[in-house]
Amino acid sequence: MKTERPRKLSTAEERRETVLDTAVGTFAAKGYFGTTTNEVARAAGISQAYVYRLFPTKEALFTAVVERCFVRVRAALEEGAAQAAGSTPEAVLSAMGDAYARLISDNDLMLVQLHAQAAAVSEPAVREAVRAGYARTVEYVRGASGGGEEQVQHFFAVGMLCHLLVSLDADSVDAPWTRTLATGIRHY
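Residues numbered from 1 in each chain as written. Predicted model: local features only at pLDDT ≥ 70, side-chain atom pairs only at ≥ 80, totals over all residues. Heavy atoms only, no water.

## Concerning the overall build of the chain
Working step 1: Check the secondary structure of the chain and you find nine helices and zero strands.
Working step 2: The secondary structure elements of the chain, listed N-terminal to C-terminal, are α-α-α-α-α-α-α-α-α.
Working step 3: Viewed in the frame of its principal axes, the chain has a C-alpha envelope of about 60 × 35 × 35 Å.
Working step 4: Out of the 188 residues belonging to the chain, those deemed buried represent 41%.
Working step 5: Here the analysis covers contacts within the chain between residues at least 6 apart in sequence; of these, 65% occur between residues at least 24 apart. (Helix = DSSP H or I, 4+ residues; strand = E, 2+ residues; numbered from the N terminus. Buried < 20%, exposed > 50% of the residue type's maximum accessible area, 1.4 Å probe, protein only. Contact = heavy atoms within 4.5 Å.)

## Considering the layout of surface pockets
Rolled over the atoms, a probe as big as a water molecule pinpoints where empty space is left.
Working step 1: As a volume, the largest pocket reaches approximately 450 Å³.
Working step 2: Per-element accounting of the lining of the largest pocket gives the leading share, nine residues, to helix α8 (residues 149-167).
Working step 3: A breakdown of the residues in the lining of the largest pocket according to their chemical character gives 13 nonpolar, nine polar and three charged. (1 Å grid on protein atoms, 1.4 Å probe; cavity = no way out; pocket = protein on both sides within 12 Å on 5 of 7 lines; lining within 4 Å. Points joined across faces, edges and corners; volume = space filled by probe spheres on them. Nonpolar A, V, L, I, M, F, W, Y, C, P; charged D, E, K, R; others polar.)

## Overview of the pattern of salt bridges
Working step 1: Using the criterion set out here, one finds nine salt bridges in the structure.
Working step 2: The salt bridge partner of Arg131 is Glu128, with a shortest N-O separation of 2.8 Å. A residue pair is termed a helical-turn pair when its members lie 3 or 4 positions apart in one helix, as Arg131 and Glu128 do in helix α7 (residues 124-145) at three residues.
Working step 3: Its relative accessible area of 43% is what places Glu128 among the partly exposed residues.
Working step 4: When the shortest N-O distance is used, the salt bridge between Arg142 and Glu139 registers 2.9 Å. You can see Arg142 and its partner Glu139 sitting in helix α7, three residues apart, about one turn around the helix. (Salt bridge = Lys/Arg side-chain N within 4 Å of Asp/Glu carboxyl O.)

## Let's talk about the environment of Gly146
Working step 1: Counting through the fold element by element, Gly146 comes out in the loop between α7 and α8.
Working step 2: Gly146 gets classed as exposed once you look at its relative accessible area, which sits at 52%.
Working step 3: Taking the C-alpha atoms as reference points, Gly146 and Pro89, separated by 57 residues in sequence, lie 5.4 Å from one another.

## Some remarks on α7
Working step 1: The end-to-end C-alpha separation of α7 is 31 Å, in line with the 32 Å expected for 22 residues at 1.5 Å each.
Working step 2: Turning to α7, its buried residues are Val126, Ala129, Val130, Gly133, Tyr134, Thr137, Tyr140, Val141 and Ser145. Projected down its long axis, α7 carries its buried residues within an arc of 130 degrees, all on one side.
Working step 3: Packing partners of the buried residues in α7 comprise α4 (58-82), α5 (89-103), α6 (107-120) and α8.
Working step 4: Positive backbone phi, at 75 degrees, marks Gly146, one or two positions downstream of α7. (Expected span 1.5 Å × (residues − 1). Arc of directions from axis to C-beta.)

## Description of the packing of aromatic side chains
Working step 1: Enumeration over the complete set of coordinates arrives at six aromatic pairs.
Working step 2: Ring centres 4.8 Å apart and planes at 70 degrees place the aromatic pair Phe27 and Phe62 in the edge-to-face group. Note that Phe27 is positioned in helix α1 (residues 12-34) and Phe62 in helix α4, a separation of 35 residues in sequence. Each member of the pair Phe27 and Phe62 is classed as buried.
Working step 3: An aromatic cluster of three or more residues is present, and its members are Phe27, Tyr32, Phe33 and Phe62.
Working step 4: The cationic tip of Lys58 hangs over the ring face of Tyr32; the distance from NZ or CZ to the ring centre is 4.8 Å. (Phe/Tyr/Trp six-rings, centres within 6.5 Å; stacked < 30°, edge-to-face > 60°. Lys NZ or Arg CZ within 6 Å of the ring centre and 35° of its normal.)

## Re empty space enclosed by the protein
Working step 1: Enumeration according to the criterion identifies one cavity of 30 Å³ or more in this entry.
Working step 2: In this structure, the largest cavity encloses a volume near 50 Å³.
Working step 3: In terms of lining, the largest cavity is formed by Val66, Cys69, Phe70, Gln113, Ala116, Gln117, Val130 and Tyr134.
Working step 4: Of all the secondary-structure elements, those providing two or more residues to the lining of the largest cavity are α4, α6 and α7.
Working step 5: Here the residues of the lining of the largest cavity sort into six nonpolar, two polar and no charged.

Interpretation note: all reported values are geometric properties and have no functional meaning in isolation.
Here's what the structure looks like:
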């Protein structure tokens, strides 16, 4: 006689993680304003009411998604810094830049970042989540690389340009303007 193992119920924290994982893709597809909590619930295989038990508002859910993306960015930058060919600011920044360029080849993460920046214009809670994420990331990059103000600013400027190139699929356009923007920029 076959004995069935008791079904392990997922904890609220496990469900929360599942909802966040699912919400990244859902918000990436349609942004903050175009995505409903019902769509996130359906994609996660749970009820909308349960989403609201985990996150009291759509805003709370989205800011948690934004924070999750910044955690992924930080992890990629840490990995890049650990793999740097040397300890100079240039070597560390280059390795972190390469790790970041690989990370944003995951379009969902990049799209959530872009949607968050757009929503930050009119949504104060999203603005605060984006500000806090950038504040932590800038300070990490500064500390890990030992780079000066201009080096760190250049690192982030190139990252933003990398977003633009990837979002426009600039590699598929052979034109002077794309060559100008892409010169020296690594993106995957």
